[in-house]
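Listed here are the chains, written in short residue letters.
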Amino acid sequence: MQDTELVCSIIRVLVTNHGYGKPLPADVVLNKASYPPHKGGDAKKSLEIVRRQSFIIDHGNRGIMLDNGEFGSLVQFLYDNCGWDEFELKLRIKHFEGWEEIDWD
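Structural notes, computed from the coordinates. (Residues numbered from 1 in each chain as written. Predicted model: local features only at pLDDT ≥ 70, side-chain atom pairs only at ≥ 80, totals over all residues. Heavy atoms only, no water.)

## Re the packing of aromatic side chains
Aromatic ring pairs are reported here in terms of the distance separating the ring centres and the angle at which the planes meet. Note the threshold: Stacked, tilted and edge-to-face pairs are distinguished by plane angle, under 30 degrees for stacked and over 60 for edge-to-face with tilted covering the rest, among Phe, Tyr and Trp rings (Trp via its six-membered ring) whose centres lie within 6.5 Å. Helix and strand assignments come from DSSP, with helices taken as H or I runs of at least 4 residues and strands as E runs of at least 2, each series counted from the N terminus. Here the term buried applies to any residue with accessible area under 20% of the maximum for its type, exposed to any over 50%, and partly exposed to those in between, with areas from a 1.4 Å probe on protein chains only.
In this structure the tally under the stated criterion is four aromatic pairs. Arranged with centres 5.4 Å apart and planes meeting at 55 degrees, the rings of F55 and F77 form a pair that is tilted. With F55 in the loop between α3 (40-51) and β1 (56-58) and F77 in helix α4 (residues 71-81), the pair connects residues that are 22 residues apart, well separated along the chain. F77 carries the same exposure label as F55, and that label is buried. One aromatic cluster is present, built from ring pairs that chain together Y79, F96, W99 and W104.

## A few points about the state of the cysteines
Cysteine pairs can be covalently joined through their sulfur atoms, and such a bond is termed a disulfide. Heads up, the rule is: Disulfide assignment relies on a single distance test, namely cysteine sulfur atoms paired within 2.5 Å.
Counted according to the given criterion, the structure contains one disulfide. Here C8 is linked by a disulfide to C82, with a sulfur-sulfur distance of 2.0 Å. Judged by the sign of its S-S torsion, about -85 degrees, the cystine formed by C8 and C82 is left-handed. Taken together, the positions of C8 in helix α1 (residues 4-16) and C82 in the loop between α4 and α5 (86-92) put the pair 74 residues apart, joining distant regions of the chain.

## Considerations on the pattern of salt bridges
This is how the line gets drawn: Salt bridge, as applied in this entry: a Lys or Arg side-chain nitrogen positioned within 4 Å of an Asp or Glu carboxyl oxygen.
In total, this model carries six salt bridges according to the counting rule given. The residue R51 makes a salt bridge to D58 at a minimum N-O spacing of 2.6 Å. Taking the relative accessible area as the measure of exposure, R51 reaches 17% and is therefore buried. Residue E88 is joined to R92 by a salt bridge in which the shortest nitrogen-to-oxygen separation is 4.0 Å.

## As for α4
At 3.6 residues per turn, the α-helix brings residues three or four places apart onto the same side. The test is simple: Residue contacts are defined here by distance: any two heavy atoms, one from each residue, within 4.5 Å place the two residues in contact.
F71, L74, V75, Q76, F77 and L78 are the residues of α4 that are buried. The elements touched by buried residues of α4 are α1, β2 (64-66) and α5. Two residues or fewer past α4, G83 is found with a positive phi of approximately 75 degrees.

## A closer look at the nonpolar core
Operational definition: Only buried residues count toward a nonpolar core, which is a set of Ala, Val, Leu, Ile, Met, Phe, Trp, Tyr and Cys residues joined through side-chain atoms within 4.5 Å.
Residues I11, L74, L78 and I93 are the most contacted members of the largest nonpolar core, which totals 32 residues. At the level of secondary structure, the elements contributing two or more residues to this core comprise α1, α2 (26-32), α3, β2 and α4. The element contributing the most residues to this core is α1, with eight residues.

## Digging into the environment of W99
Stated formally: Two N or O atoms count as a polar contact when they lie within 3.5 Å, although within protein this holds only if one can serve as hydrogen donor and the other as acceptor, and sequence-adjacent residues are included solely when both atoms are side-chain atoms.
Its location among the elements puts W99 in the segment after α5. Taking the C-alpha atoms as reference points, W99 and G19, 80 residues apart in sequence, are found 21 Å from one another. A distance of 3.0 Å separates a polar atom in the side chain of W99 from the backbone oxygen of F96.

Pasting the structure below:
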């Protein structure tokens with residue numbers, strides 16, 4: 001993966017700004033993501049990696065958003081790759097009903 005920290009930062013923006021049916025434009029996502037100024041090019045590459053994830057819906061120029069039907073793969077990704085713990089995941093992703101299917105090991 002390009003830069004896991006950048007990918008995780010971009011996904012955090014999507015989780016904290018998630019609105020049903022409201023994609024966030026790429027420039028908004030990148031402006032809200034946390035990364036050093038010299039990593040701007042890497043952040044754009046990381047955004048392209050995020051666009052290809054199963055839990056993302058890509059609306060082209062309109063932006064990207066989380067796929068509500070794929071919260072399980074989102075939770076697993078955040079747990080496995082971004083260091084989110086179970087408490088934070090349950091706090092942030094409240095409408096997910098498949099907690100028993102997550103591999104916490």
